[in-house]
Amino acid sequence: MTLLIPLVNLERLTEATRYDTTSPALRGKLDLLVKRSADRLGMKIGLANFVMGATTHAIASHGADTGMIEAGIPAEWSFCSRVVLTGCDYTVTDATADPSWQDTPAVTVIGARSYAGVPLVAPNGQVVGAHCVVDSKRREFDAAELAHLRESAKEIMRVMQDYRSTTEG
C-alpha cells in the first residue's frame, strides 16, 4: 500500500502543526472523548490521530498501548491514512480477510481487526487526522455508530480550538 505522496500536503501539515497536541490539559480532555466513543461502540480502543506525512501519531487514546503510536507509526500501517487521503469515513469489518490490510503490521503486530474512522476537519477545511475506534474482533458498523463518531470528531476539533495558534508561520 503506497500512501506517502498524497499525504504530503503542505497546507494540511501546516494546519496540523498549529495545535499544541503536547498539552497535558488537551490530552486529558481528548482522552475522555475517545474513551466515550470506544465505550459507546463497544470497542477496545478509541483514538484521535494526526497523520503527519509519513507517520501517524496518537494525540488521544483509550485502551491502547500507544507508546508506538504516539511516537509515530508509518502511514502505510494506519487505517487513518485512508480517512485523511479521502476525507471520508472509512470502515474495515475484518482486516485479516482484507487484502489491503491483512499483511500490514497494524494487523499482524498490533492485532487490529475491525476499524471505523472519521475525519478530523480543521476550520480551514483541511483533514488533519481521524477519530477512530479499533478492536481485535470482526465487527460491522451501522449508520448510527458512524454518526456518533462524526459528532465526536466535531467535538474533538471544538476542544482543540483552544489549543490552536492563530499565528501564521
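Because the structure is predicted, anything quoted here is derived from the model rather than measured.

Reading guide: rules and limits
Residues numbered from 1 in each chain as written. Predicted model: local features only at pLDDT ≥ 70, side-chain atom pairs only at ≥ 80, totals over all residues. Heavy atoms only, no water. Pairing = 2+ DSSP bridges. Helix = DSSP H or I, 4+ residues; strand = E, 2+ residues; numbered from the N terminus. Contact = heavy atoms within 4.5 Å. Axes fitted to C-alpha atoms, helices over the stretch in contact; angles between N-to-C directions. Salt bridge = Lys/Arg side-chain N within 4 Å of Asp/Glu carboxyl O. Buried < 20%, exposed > 50% of the residue type's maximum accessible area, 1.4 Å probe, protein only. Arc of directions from axis to C-beta. Polar contact = N/O pair within 3.5 Å; in protein donor to acceptor, adjacent residues only side chain to side chain. Expected span 1.5 Å × (residues − 1).

A. A look at the sheet that holds strand 4 (residues 90-92). Across the sheet, which stays open at both edges, the 6 strands sit in the order 3-2-1-6-5-4 with antiparallel pairing between neighbours. Single-partner strands in this sheet number two, and they are strand 3 (73-74) and strand 4. Pairing geometry for strand 1 (residues 45-52) and strand 2 (residues 55-62), over 7 bridges, is antiparallel. Looking at the pairing, G46 lines up with H62 of strand 2. The sheet strands contacting helix 2 (residues 10-17) are strand 1 and strand 6 (127-135), and the helix crosses strand 1 at an angle near 125°. Sheet strands in contact with helix 5 (residues 79-86) are strand 1, strand 2, strand 4, strand 5 (114-121) and strand 6, and its direction is about 145° off that of strand 6.

B. Examining the pattern of salt bridges more closely. According to the stated counting rule, one finds 10 salt bridges in the structure shown. R18 is the partner of E15 in a salt bridge, and the nearest nitrogen-oxygen pair spans 3.1 Å. As far as burial versus exposure is concerned, E15 and R18 are alike and both buried. We note a salt bridge from R27 to D31, for which the minimum N-O separation is 2.8 Å. With R27 and D31 both in helix 3 (residues 24-41) and 4 residues apart, this pair spans about one turn of that helix. Relative accessible area serves as the criterion here: at 18%, R27 is assigned to the buried category. Ionic contacts of the salt-bridge type, sharing partners, join the residues E15, R18 and R164 into one network.

C. Structural context of helix 2. If you check which residues of helix 2 are buried, you get R12, L13, E15 and A16. Relative to the axis of helix 2, the buried residues are bounded by an arc of 160° and lie together on one face. Exposed side chains of helix 2 directed beyond 90 degrees from the buried face belong to L10 and T17. Taking the backbone nitrogen of E11 as reference, a side-chain oxygen 3.1 Å away marks N9 as the first, capping residue of helix 2.

D. Spatial organisation of helix 7 (residues 143-160). The end-to-end C-alpha separation of helix 7 is 26 Å, in line with the 26 Å expected for 18 residues at 1.5 Å each. Of the positions making up helix 7, those classed as buried are E145, L146, H148, L149, S152, A153, I156, M157, V159 and M160. Contacts from the buried residues of helix 7 go to helix 3, strand 1, strand 2, strand 4, strand 5 and strand 6. Capping the start of helix 7 is the job of one residue whose side-chain oxygen sits 3.1 Å from the backbone nitrogen of A144: D142.

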